[in-house]
Amino acid sequence: YSGMQHVNIGTGKEVTIKQLAETVLKCVGFQGKIVWNHDMPDGTPRKLTNVDKLHSLGWTHKVELEAGVELAYNWFKENVDHARL
């Protein structure tokens, strides 16, 4: 990274795949239903970024997950050529 770019490092707060999916659904206004296949594993048991070293240097996140998803989604809507998707 160089210049004025966003750095996506995480918050150090654990979020399940289900919680993340529900956050995205709420943000984008999806009215459907997620169907989970409980016979299949969902990958790595824990999805958590360790931010202890950053915290020891005085850094802390400024954007919570839901707000970050909303920011990313709004940027996508404003900047992606949807005709090409």
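Whatever comes next refers back to the structure up there.
Residues numbered from 1 in each chain as written. Predicted model: local features only at pLDDT ≥ 70, side-chain atom pairs only at ≥ 80, totals over all residues. Heavy atoms only, no water.

So, the side chain of Thr-23
Link 1 in the chain: Checked against the element boundaries, Thr-23 lands in helix α1 (residues 17-28).
Link 2 in the chain: Non-local contacts of Thr-23, meaning those with residues more than four positions away in its chain, are made with Leu-65, Glu-66 and Val-69. (Helix = DSSP H or I, 4+ residues; strand = E, 2+ residues; numbered from the N terminus. Contact = heavy atoms within 4.5 Å.)

Things to note about the environment of Asn-37
Link 1 in the chain: Tracing the backbone through its elements, the reader meets Asn-37 in the loop between α1 and α2 (52-56).
Link 2 in the chain: With a relative accessible area of 45%, Asn-37 lands in the partly exposed category.
Link 3 in the chain: Within the local environment of Asn-37, its side chain forms a polar contact with the backbone nitrogen of Asp-39, the two atoms lying 2.9 Å apart. (Buried < 20%, exposed > 50% of the residue type's maximum accessible area, 1.4 Å probe, protein only. Polar contact = N/O pair within 3.5 Å; in protein donor to acceptor, adjacent residues only side chain to side chain.)

Re the side chain of Thr-11
Link 1 in the chain: Note on placement: Thr-11 falls in the segment before α1.
Link 2 in the chain: Judged by its relative accessible area of 19%, Thr-11 falls in the buried class.
Link 3 in the chain: A polar side-chain atom of Thr-11 sits 3.1 Å from the main-chain amide nitrogen of Lys-13.
Link 4 in the chain: Apart from residues lying up to four places away in sequence, Thr-11 is in contact with Val-51, His-61 and Val-63.

Details of a nonpolar patch on the surface
Link 1 in the chain: Together, Leu-20, Val-24, Val-28, Phe-30 and Leu-65 line one region of the surface with nonpolar side chains, adding up to about 360 Å² of accessible area.
Link 2 in the chain: Top element by residues in the nonpolar patch is α1. It accounts for three residues.
Link 3 in the chain: By the secondary structure assignment, Val-24 is in helix α1. (Patch = residues over 30% accessible without salt bridge, like charges linked within 9 Å, V, L, I, M, F, W, Y side chains within 5 Å. Areas by Shrake-Rupley, 256 points an atom, 1.4 Å probe, with all protein chains shown as cover. Salt bridge = Lys/Arg side-chain N within 4 Å of Asp/Glu carboxyl O.)

Focus: the packing of α1 against helix α3 (residues 65-79)
Link 1 in the chain: Where α1 contacts α3, the two axes come as close as 10 Å, and the packing angle between them is 50°. Comparing their axes, α3 and α1 come out oblique. Both α1 and α3 take part in a crossing whose hand is right-handed. Packed against α1, whose contacting residues are Leu-20, Thr-23, Val-24, Lys-26, Cys-27 and Val-28, the element α3 presents Leu-65, Glu-66, Val-69, Glu-70 and Tyr-73 at the interface.
Link 2 in the chain: Taken together, the residues of the contact of α1 with α3 break down into seven nonpolar, one polar and three charged. (Axes fitted to C-alpha atoms, helices over the stretch in contact; angles between N-to-C directions. Parallel < 35°, antiparallel > 145°, perpendicular 65-115°, else oblique. Left-handed = near helix turned anticlockwise from the far one by under 90°. Nonpolar A, V, L, I, M, F, W, Y, C, P; charged D, E, K, R; others polar.)

Section: α1
Link 1 in the chain: Taking 1.5 Å per residue as the helical rise, α1 with its 12 residues ought to reach 16 Å, and the 17 Å between its terminal C-alpha atoms agrees with that figure.
Link 2 in the chain: For α1, every residue scored as buried is listed here: Ala-21, Thr-23 and Cys-27. All buried residues of α1 fall inside an arc of 160° around its axis, so they share one side.
Link 3 in the chain: Against α3 lie the buried residues of α1.
Link 4 in the chain: After α1 finishes, the residue Gly-29 shows a positive phi value of roughly 75°. (Expected span 1.5 Å × (residues − 1). Arc of directions from axis to C-beta.)

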